[in-house]
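Now for the letters of each chain:
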Amino acid sequence: MLAAGQACLIVAFAAALYGIAASLYGSRARRREFVASGRRAVYAMAGATAVAFMLLEAAFVRSDFSYAVVASHSSTTTPLFYRLTAMWSSQEGSLLLWLFSLSLWSSLILFFTRHKLRALAPYATAVLLGFGAFFAGVMLFAESPFQRAQTVVSEGAGLNPLLRDPGMMIHPPMLYSGYTLFAVPFAFAVAALITRRLDAEWIRSTRPFTLAAWCALGFGIVLGARWSYHELDWGGYWMWDPVENASLMPWLTATAFLHSVMIQERRGMLRTWNVSLVLATGVLSILGTFLVRSGVLNSIHAFGASTLGVPFLILLAVMIAGSIYLVATRQDVLKSEHRLDSLLSREAAFVLNNLVLVAMCFVVFWGTFFPLIAEAVTGRQRNIGPPVYERFIVPLALILVLLSAVGPVIAWRRATAANLKRNLGKPALAGVLAVVALIAFGVTGSVTALIMFGLGAFVLGTVVQEFWRGVRARRAVAREAVPVALVQLVKRNRRRYGGYLVHVGIIVLFVGVAASSSFKDVQDVSLKPGETAVVGGKQFTYVKPTSELVAAPNGRLEKIQFGAELRVEGRTMHTSKDYFPSQDASLGPVSRFFDGEATTEVALRTALGKDTWAAVAPDIAKLRPRIEEGDKVFANAADELTADQANEFLAVALRGLTDSYADAPPPARFRLEVNPLVTWIWIGSLIAVLGGILAGWPTRRGLTKIASAKYAARVGKDVREQPETVPV
């Protein structure tokens, strides 16, 4: 099977190279059959990659340790669910997942556009196949997932304990889907620049893929935050880690593009800006992949040092240089058809929105690479912590929220005072009343949080107002009940109302972030059984210690668990630290269970109001003498014991250690937290993703129409005064 997998990679690589040549030749020579052949090469690459992907997954499922990657990232004690996800915990497996995702999305876009964009498709195909050839080549010549293990082993090293989480089944595929989906608009933007066909047709054709990429990457980012919150022992969900930042940057530039492209479609403006945003998003997606694999920056999410830094740097250099050249040499066809008429207009609001998003991206970029820049200049690496990021990001986020309320309702071209009053008056009043109410209830601990809450109410007010106006207009036309009118309104204007739903989701997320970061109560305490600590008005009582030997489904010992039972407000919670055995042969048979990797299992009770969170750090220092003594006993008796006897005695020794911890427990260290509104971060994320899916969902031709005369007659004055805010 190793040879079959390697053969699939060779086929994928050869298909990519052939497809590039066929597509370019077909376009230059006007030979449609070669263009079609290039497209089919993408299908061939997808098929070969899919087979390779399934072969590697099958090797992980059956624990085939003849594969080097399986031996180093899985084991027989790894549960089946996690063996299915172990593939992308490795450098090699994640590269195969990247290529599989890229080939899948490339096949879809080329299939859907096979009868249109005929001038652009060959060049876009060549770019997409270029990415495919790069990743297939990297696996063939540097990091193959089908390498044979150098030594035959009966047991693998096991999956990193931190990755034994259900979210890891979804988080990496979502991130890679986002990264690879962004390759689609990147490829068509390059094709549009090469052919000088820079109208909005390529944007319309690739919009569903851009929105899908935005949703997938955003959902992947939030899944990573959720993983950090309930899997790591620090109690937060975002630490401004370099790899976290790498995924956030293309999401920010893509968000800017999705806003500014509406100006190009409506008024033919910002062509240079829009194509630059698309190209930047593609480059930043590859940059994120580079940061995970190069080892240039330290990160809990990275694969560590590797030999892939140079190939990725070359790819990035080609992408950046090529993008700059194409934009610089196409200025004659990138000119805007119109200019900004007024600073009080929807165009101006969207431009400012873009500047804020790009400024946020620059802050994240600078903070991520500042350690390398500082080391190059001063010879000493300096790290930037969360307070530095937040000093700049927080005010930019407040401006962004304000613009998300103003932008969608202000008039195109030029807004009047009457227009502003009519569209912003009541929502602004709602924001002011929300702040007054919060102050009256004693929520005064953070000025920035109060401003965020007020702006959030402002945004929700504008969205509710727009939905109500639309429903009222529908009822005037069709005499429908309110629920029916609402459904029909959204169905006929999916892009607009999906966008409103995205705004609601982002605001809910921001409110959750503001509340949880500003009003969180946290304490690090040392407790003995029976002792109590009060955090955030809640009593945490350390009831008793727990200890357990946890066996895998095959009966072998998977981990040792030392934990604590807590009681909070009459309810029991359990937190533990899990110790996984090391495969280091230099360690003794007992100590290897305590000197390997360990994870903290967090006690978490979620609620719409406040989350209760606890993590334990058991003190096993008193067990060390017994652990060392156990190693000595086994070392002295190694020649006298059979394998079965050694395993039996080892189980007795480990059971004795766990029992002694539970019978005479030392004080344990706890981190105890009460976090308000954290749940609303996850709820807001789901709302935003659903809004993005709704906005990008295909609409049957003819559903979206201009208002009819009958509509205008019935709606009357409202429609005549503000037609752009009352959709059909």
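Presented here is a report on the structure given in the accompanying data block. Being a predicted model, the structure only gives us computed values, none of them experimental. (Residues numbered from 1 in each chain as written. Predicted model: local features only at pLDDT ≥ 70, side-chain atom pairs only at ≥ 80, totals over all residues. Heavy atoms only, no water.)

### Things to note about the pairing of strand β9 (residues 668-676)
- For β9, a buried count of seven out of nine residues is recorded, marking the element as mostly surrounded by other parts of the structure.
- For strand β1 (residues 521-527) and β9, the ladder comprises seven bridges, and the chain directions are antiparallel. Following the sheet pairing, Ser-526 is matched in β9 by Arg-669.
- Relative to β9, strand β8 (residues 610-617) is paired through eight bridges, and the arrangement is antiparallel. Bridge assignment links Trp-613 to a residue of β9, and that residue is Glu-673. (Buried < 20%, exposed > 50% of the residue type's maximum accessible area, 1.4 Å probe, protein only. Helix = DSSP H or I, 4+ residues; strand = E, 2+ residues; numbered from the N terminus. Pairing = 2+ DSSP bridges.)

### Looking at the sheet that holds β1
- Strand order in the open sheet formed by four strands is β1-β9-β8-β7, with antiparallel pairing between adjacent strands. The outermost strands of the open sheet, each flanked by one partner alone, are β1 and β7 (603-605). For this sheet the average axis-to-axis angle between neighbouring strands, irrespective of direction, equals 15°.
- Note: β7 against β8, three bridges, orientation antiparallel. In the strand pairing of β8, Leu-604 is matched with Trp-613.
- The strands touched by helix α9 (residues 201-231) are β7, β8 and β9; relative to β7, the strand with the most contacts, the crossing angle is about 120°. (Axes fitted to C-alpha atoms, helices over the stretch in contact; angles between N-to-C directions. Contact = heavy atoms within 4.5 Å.)

### Regarding the side chain of His-503
- The residue His-503 is located in helix α18 (residues 494-518) in this model.
- Relative accessible area serves as the criterion here: at 15%, His-503 is assigned to the buried category.
- Setting aside anything within four residues of it in sequence, one finds His-503 in contact with His-259, Ser-404 and Pro-408.

### Describing the packing of helix α5 (residues 91-112) against helix α6 (residues 121-141)
- The N-to-C vectors of α5 and α6 enclose an angle of 160°; their axes lie 10 Å apart at closest approach. The orientation of α5 relative to α6 falls into the category roughly antiparallel. Relative to α6, α5 is oriented so that their crossing is left-handed. In this structure, α5 uses Glu-92, Leu-95, Leu-96, Trp-98, Leu-99, Leu-102, Ser-106, Ile-109 and Leu-110 to contact α6, whose residues at the interface are Thr-125, Leu-128, Phe-131, Gly-132, Phe-135, Ala-136, Val-138 and Met-139. (Parallel < 35°, antiparallel > 145°, perpendicular 65-115°, else oblique. Left-handed = near helix turned anticlockwise from the far one by under 90°.)

### Some points on the sheet that holds strand β5 (residues 571-579)
- With antiparallel pairing, the five strands of this open sheet are ordered in space as β2-β3-β4-β5-β6. In this open sheet, the two strands that pair with only one neighbour each are β2 (532-535) and β6 (598-601). Strand after strand, the sheet turns through a mean of 30° between neighbouring axes, direction not considered.
- Relative to β6, β5 runs antiparallel, the two being bridged by four bridges. When the sheet's bridge partners are listed, Ser-576 is paired in β6 with Glu-601.

### A short note on the nonpolar core
- The biggest cluster of nonpolar side chains holds 163 residues, and the ones touching the most others in it are Phe-131, Phe-146, Phe-188 and Ile-286.
- Considering every element that reaches this core, the biggest residue donor is α6, with 13 residues.
- Not counting the four nearest positions on each side in its chain, Phe-131 is found in contact with Leu-102, Ala-183, Phe-186, Ile-286, Leu-315 and Met-319.
- Formed by 17 residues, the second largest nonpolar core is a distinct cluster that contains Tyr-542, Leu-566, Val-616 and Phe-670. (Core = buried A, V, L, I, M, F, W, Y, C linked by side-chain atoms within 4.5 Å.)

### Notes on the pairing of β8
- Among the eight residues that make up β8, six are buried, leaving the element largely enclosed by the rest of the structure.
- Here β7 folds back onto β8, and the loop between the two strands holds four residues.

### Section: helix α1 (residues 2-28)
- Helix length check: α1 (27 residues) gives 40 Å between terminal C-alpha atoms against 39 Å at 1.5 Å per residue, within 8%.
- The secondary structure elements touched by the buried residues of α1 are α2 (32-61), α5 and α6.
- Remark: Arg-30 follows α1 within two positions and exhibits a positive phi of approximately 55°. (Expected span 1.5 Å × (residues − 1).)

### Side note on the pattern of salt bridges
- Within the structure shown, the criterion is met by 13 salt bridges.
- Ionic pairing is found between Asp-332 and Arg-196, a salt bridge with its closest N-O pair at 3.0 Å. With Asp-332 in the loop between α12 (309-328) and α13 (346-378) and Arg-196 in the loop between α8 (183-195) and α9, this pair connects stretches of sequence that are 136 residues apart.
- Exposure remark for Arg-196: the relative accessible area of 38% places this residue in the partly exposed category. (Salt bridge = Lys/Arg side-chain N within 4 Å of Asp/Glu carboxyl O.)

### Focus: the packing of aromatic side chains
- Across all of its chains, the model carries 29 aromatic pairs by this definition.
- Here the aromatic rings of Phe-365 and Phe-369 are separated by 4.8 Å at their centres, their planes lie at 40°, and the arrangement is tilted. Separated by four residues within a single helix, Phe-365 and Phe-369 lie in helix α13, roughly one turn from each other.
- Overall, Phe-365 belongs to the partly exposed group, its relative accessible area being 34%. (Phe/Tyr/Trp six-rings, centres within 6.5 Å; stacked < 30°, edge-to-face > 60°.)

### What to know about a nonpolar patch on the surface
- On the surface, Leu-104, Leu-108, Phe-111 and Phe-112 cluster together into a nonpolar patch covering about 350 Å² of accessible area.
- The residue Leu-104 is located in helix α5 in this model.
- Judged by relative accessible area, which is 37%, Leu-104 ranks as partly exposed. (Patch = residues over 30% accessible without salt bridge, like charges linked within 9 Å, V, L, I, M, F, W, Y side chains within 5 Å. Areas by Shrake-Rupley, 256 points an atom, 1.4 Å probe, with all protein chains shown as cover.)

### Observations regarding the environment of Arg-197
- Residue placement: Arg-197 occurs in the loop between α8 and α9.
- Arg-197 sits in the partly exposed class, given a relative accessible area of 48%.
- When the C-alpha atoms of Arg-197 and His-73 are compared, they prove to be 48 Å apart, with 124 residues separating the residues in sequence.
- Setting aside its immediate chain neighbours within four residues, Arg-197 contacts Ala-119, Leu-120, Ala-192 and Trp-202.

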